[in-house]
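# Coordinate inspection notes
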Amino acid sequence: MENIRIGTLVQGSTAVKVIPQIVKHGFESFQLSFWQTTGMTNLKETAAQIRDMMEQYGTVVSSLSIFGNPLTGHEGNADTLASWERLIDHARDFGAEMVTGFTGRLVDQPIPDSIPRFKAVFGELARRAEANGVKLAFENCPMNGNWHKGDWNIAHNPAAWELMFDALPNANIGLEWEPTHQMTQLIDPIPQLRKWVNKIIHVHGKDATIAWDVIKEQGIGGPQPYVWHRTPGFGDTNWTDIISILRQHGYTGTIDIEGWHDPVYRDALEMTGQVHALNYLKTCRGGTFVPNPVID
């Protein structure tokens with residue numbers, strides 16, 4: 001059953017301390033993430049410590065992530081592009097074969113205006129990744145942006161994906177997909193997954209609850225929230241269908257839970273919610289592996 005592992009995200013700077021505390025709950029993989037910069041983290045040293053842990057616990061590092069805007073380098077993003085390069089260079093030290101994050105964006109410009117810069121930056125990064133045996137994946141989070149303006153990321157709409165992959169048809173780039181960011185745009189994630197599954201190389205375990213009663217009464221532009229990010233098991237998505245579609249198309253990667261967003265299972269209940277999601281997703285995966293009978 002574990003050809004699709006269920007894991008969670010941890011901060012790269014604190015992973016050495018956090019993983020030993022939570023691995024006992026049954027997490028099978030870990031995505032190590034950084035915000036805008038890898039900062040003062042010694043990646044070589046951290047990788048050696050993490051590799052020892054993975055061998056000890058029988059777990060894996062699914063990927064390394066850097067979330068910032070590598071296209072502009074403005075303000076807090078000054079080190080984001082260099083951090084992509086560092087993580088690509090050190091991914092295999094962690095036993096990982098993937099680096100993920102936001103594409104970046106030309107601030108407050110329509111998505112098509114960012115494509116030339118995206119092609120230039122990630123064309124180089126894709127070649128660097130290929131030389132290191134690494135894949136690149138783009139998370140589908142709008143970061144409050146839309147087609148016409150925003151910051152951080154263009155990879156949040158299927159029309160943008162068409163532009164991106166037309167510009168860079170490289171085999172080693174794809175999507176880091178989750179249903180949440182599509183549901184917040186009122187996109188049904190299931191038919192989208194069926195269409196795009198062959199470009200999805202990493203999955204975040206995050207869900208959403210849509211308040212259709214609010215939408216029907218007030219629309220999406222009023223003061224009352226109409227959607228909430230949720231931990232899997234508390235949202236609207238059929239994860240059994242998602243995992244079945246992934247299996248049908250040969251996906252053997254991980255589903256890593258992205259916590260710290262649920263409005264109910266947060267603060268002191270954060271890990272309660274994450275462990276519930278872990279066990280829920282394992283059930284959606286098919287439960288405990290049972291071997292078939294042997295007939296001589």
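Basis of the calculations
- Residues numbered from 1 in each chain as written.
- Predicted model: local features only at pLDDT ≥ 70, side-chain atom pairs only at ≥ 80, totals over all residues.
- Heavy atoms only, no water.
- Salt bridge = Lys/Arg side-chain N within 4 Å of Asp/Glu carboxyl O.
- Helix = DSSP H or I, 4+ residues; strand = E, 2+ residues; numbered from the N terminus.
- Buried < 20%, exposed > 50% of the residue type's maximum accessible area, 1.4 Å probe, protein only.
- Polar contact = N/O pair within 3.5 Å; in protein donor to acceptor, adjacent residues only side chain to side chain.
- Contact = heavy atoms within 4.5 Å.
- Pairing = 2+ DSSP bridges.
- Axes fitted to C-alpha atoms, helices over the stretch in contact; angles between N-to-C directions.

## A look at the pattern of salt bridges
- Counting across every chain of the model gives 10 salt bridges.
- Ionic pairing is found between Glu 28 and Arg 285, a salt bridge with its closest N-O pair at 2.7 Å. On the criterion of sequence distance, the pair formed by Glu 28 in the loop between helix H1 (15-22) and strand E2 (29-35) and Arg 285 in helix H10 (residues 270-285) is long-range, its members being 257 residues apart.
- With a relative accessible area of 7%, Glu 28 lands in the buried category.
- For the salt bridge of Asp 267 with Arg 266, the shortest nitrogen-to-oxygen distance reads 3.8 Å.
- What makes Arg 266 partly exposed here is its relative accessible area of 44%.
- One salt-bridge network, in which partners are shared between bridges, spans Glu 28, Lys 282 and Arg 285.

## Quick look at the side chain of His 202
- Position of His 202 among the secondary structure elements: in strand E7 (residues 200-205).
- A polar contact is formed between the side chain of His 202 and the side chain of Glu 176, at a distance of 2.8 Å.
- Among the polar contacts made by the side chain of His 202, one reaches the side chain of Asp 256 at a distance of 2.7 Å.
- Residues in contact with His 202, not counting those within four places in the same chain, are Gln 31, Ser 62, Ser 63, Met 98, Leu 175, Glu 176, Trp 177, Tyr 251, Thr 254 and Asp 256.

## Quick word on the sheet that holds strand E3 (residues 60-67)
- Strand order around the closed barrel formed by 8 strands is E1-E2-E3-E4-E5-E6-E7-E10, with parallel pairing between neighbours. The mean angle between the axes of side-by-side strands here comes to 30°, regardless of whether they run parallel or antiparallel.
- When strand E1 (residues 5-11) meets strand E10 (residues 254-257), the two strands line up parallel, connected through 4 bridges. Residue Ile 6 lies in a different strand from E10, and its bridge partner there is Ile 255.
- Across the face of the sheet, helix H4 (residues 111-131) comes into contact with strand E5 (135-139) and strand E6 (173-177) while running at roughly 140° to E5.
- Relative to the sheet, helix H7 (residues 189-196) contacts E6 and E7, its axis offset from that of E6 by approximately 160°.

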